[in-house]
Amino acid sequence: VRELEPLNRKEENMKYGVGIDVSKGKSTVSILSFEGEIIEEPFEINHDLSNLDLLNEKLSTFLKEDLKIVLEQTGTYHLPILTYLLDKGYCVIAENPLKIKKYLDRNLRKAKNDKKDSLKLAEYCCDNWYKLKPNTIEEEKYKELRFLSRQYFTFNDIKVKQKNDLSNLCDLVFPGYYQLLNENNFLLGIIIFKKYNNPESVKNIKEEKFYKEIDKIAQKRGQSKAGKTLAINIYKLAKETYSLCPSSKITQPIIDRSVAALILSIETTNEIITNMSDLAKSMYEYKIVRNM
């Protein structure tokens, strides 16, 4: 943020509009008075804590009730600065892009410029002062939940496809293996498959040694009981089945990447669900809905 002389507007009976033009990782900020005076020429800030604190320091020279801040909804780019300003108690409006576009289109000159856009947003704020409805923390939580929900379904679709691909791969290199997996042992099972992905790779090891190897893997995941059951079933299957695609330098890298990609998708969807649950628990409706 540019170093400017500190302002003291707290005793003036004047309203101010702040326009924030948001980009990825940074924003351009302008401040206008109701009379159209440029209080702050456009200046740029990054979306890191030190820059946001400097912005807060500048805005704190105004009475909060005399200040409204408008920024444009931009998917996820605007969320850091919006959340920060809401936490600080400012009146912030994340406006619909179509409304902003319609307002900006009044100007016949269509030049795209972040500094001009931030001034236009500040002007929009002043012109629509009494119509603007501020965002709330609760509204932002709903938006975050919707965003997380979209991401969950996106990654879940990827996960389903990867599971199908791995199932087909198992049918080629270790027929029957995929059918040994269930909800409780799935992650453990595909980790084992990455190392023992062919009947021959299992039969070449003594039974007791194989069980010990699987037990080591299972204990790291805290699934010793599931590991023992799975080890017995895998060893039994290895004696009864026949690989259509023997293990080779070609198949191993494909198996490694397939398993790694699927594990990442599983961990990602699990993390998203956890975040959604934690966010939902902070909302007043959560207990009511859970009681139903």
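Because the structure is a prediction, the values reported are computed rather than measured. (Residues numbered from 1 in each chain as written. Predicted model: local features only at pLDDT ≥ 70, side-chain atom pairs only at ≥ 80, totals over all residues. Heavy atoms only, no water.)

Draft legend 1. Inspection of the overall build of the protein at higher detail. Looking only at helices and strands, one finds eleven helices and five strands in the protein. Taking 292 residues into account, the globule formula puts the C-alpha radius of gyration at 19 Å, and the protein, at 29 Å, lies well above it. Taken along its principal axes, the extent of the C-alpha atoms in the protein is 85 × 45 × 35 Å. For the protein, the proportion of contacts with a sequence separation of at least 24, taken over those separated by at least 6, is 68%. Entry remark: accessible area of the protein is about 17300 Å², with carbon and sulfur atoms responsible for 53%. Between the averaged position of the 47 positive side-chain charges in the protein and that of its 42 negative side-chain charges there is a distance of 7 Å. (Helix = DSSP H or I, 4+ residues; strand = E, 2+ residues; numbered from the N terminus. Rg over C-alpha atoms; globule rule 2.2 N^0.38 Å. Contact = heavy atoms within 4.5 Å. Areas by Shrake-Rupley, 256 points an atom, 1.4 Å probe, with all protein chains shown as cover. Lys, Arg positive; Asp, Glu negative; His and termini not counted. Charge placed at Lys NZ, Arg CZ, Asp CG, Glu CD.)

Draft legend 2. Looking closely at the nonpolar core. In terms of nonpolar packing, the biggest core is built from 32 residues, with L166, F174, Y177, I190, I192, F193 and F210 touching the most fellow members. Only α5 (137-173), α6 (186-195), α8 (207-220), α9 (224-240) and α10 (251-281) provide two or more residues apiece to this core. Excluding residues that lie within four positions of it along the chain, I192 makes contacts with Y177, I214, I217, L230 and I234. Of all hydrophobic cores here, the second largest spans 25 residues; its members include I20, F43, L67 and L86. (Core = buried A, V, L, I, M, F, W, Y, C linked by side-chain atoms within 4.5 Å. Buried < 20%, exposed > 50% of the residue type's maximum accessible area, 1.4 Å probe, protein only.)

Draft legend 3. Looking closely at the packing of α6 against α8. Two elements in contact, α6 and α8, have axes whose closest approach is 10 Å; the angle formed by their N-to-C orientations is 135°. Considering the angle they form, α6 stands oblique to α8. The two elements α6 and α8 cross, and the hand of that crossing is right-handed. Counting all contacts with α6, which are made through L188, I191, I192 and K195, the residues of α8 involved are E213, I214, I217 and A218. Looking at side-chain class alone, the contact of α6 with α8 contains six nonpolar, no polar and two charged residues. (Axes fitted to C-alpha atoms, helices over the stretch in contact; angles between N-to-C directions. Parallel < 35°, antiparallel > 145°, perpendicular 65-115°, else oblique. Left-handed = near helix turned anticlockwise from the far one by under 90°. Nonpolar A, V, L, I, M, F, W, Y, C, P; charged D, E, K, R; others polar.)

Draft legend 4. Focus on the side chain of T61. Mapped onto the fold, T61 is located in the loop between α1 (49-59) and β4 (67-72). A distance of 2.7 Å separates the side chain of T61 from the backbone oxygen of K58, its partner in a polar contact. (Polar contact = N/O pair within 3.5 Å; in protein donor to acceptor, adjacent residues only side chain to side chain.)

Draft legend 5. Just a nonpolar patch on the surface, in detail. A cluster of nonpolar side chains, contributed by Y142, Y284, I288, V289 and M292, occupies part of the molecular surface with about 620 Å² of accessible area. You can see I288 is positioned in helix α11 (residues 285-291). (Patch = residues over 30% accessible without salt bridge, like charges linked within 9 Å, V, L, I, M, F, W, Y side chains within 5 Å. Salt bridge = Lys/Arg side-chain N within 4 Å of Asp/Glu carboxyl O.)

Draft legend 6. Focus on the pairing of strand β2 (residues 26-33). Burial analysis of β2 places seven of its eight residues in the buried class, which makes it a mostly covered element. Both strand β1 (residues 16-23) and β2 contribute to a ladder of eight bridges, which runs antiparallel. The partner of G17 across the bridge, within β2, is L32. The hairpin turn running from β1 into β2, its antiparallel successor, is two residues long, and G25 in that turn takes a positive phi close to 80°. In terms of strand pairing, β2 meets strand β3 (residues 38-46) through six bridges, oriented antiparallel. Each residue of the ladder has a partner; that of S27, found in β3, is I45. (Pairing = 2+ DSSP bridges.)

The quantities given are spatial measurements derived from coordinates; they are silent on function.
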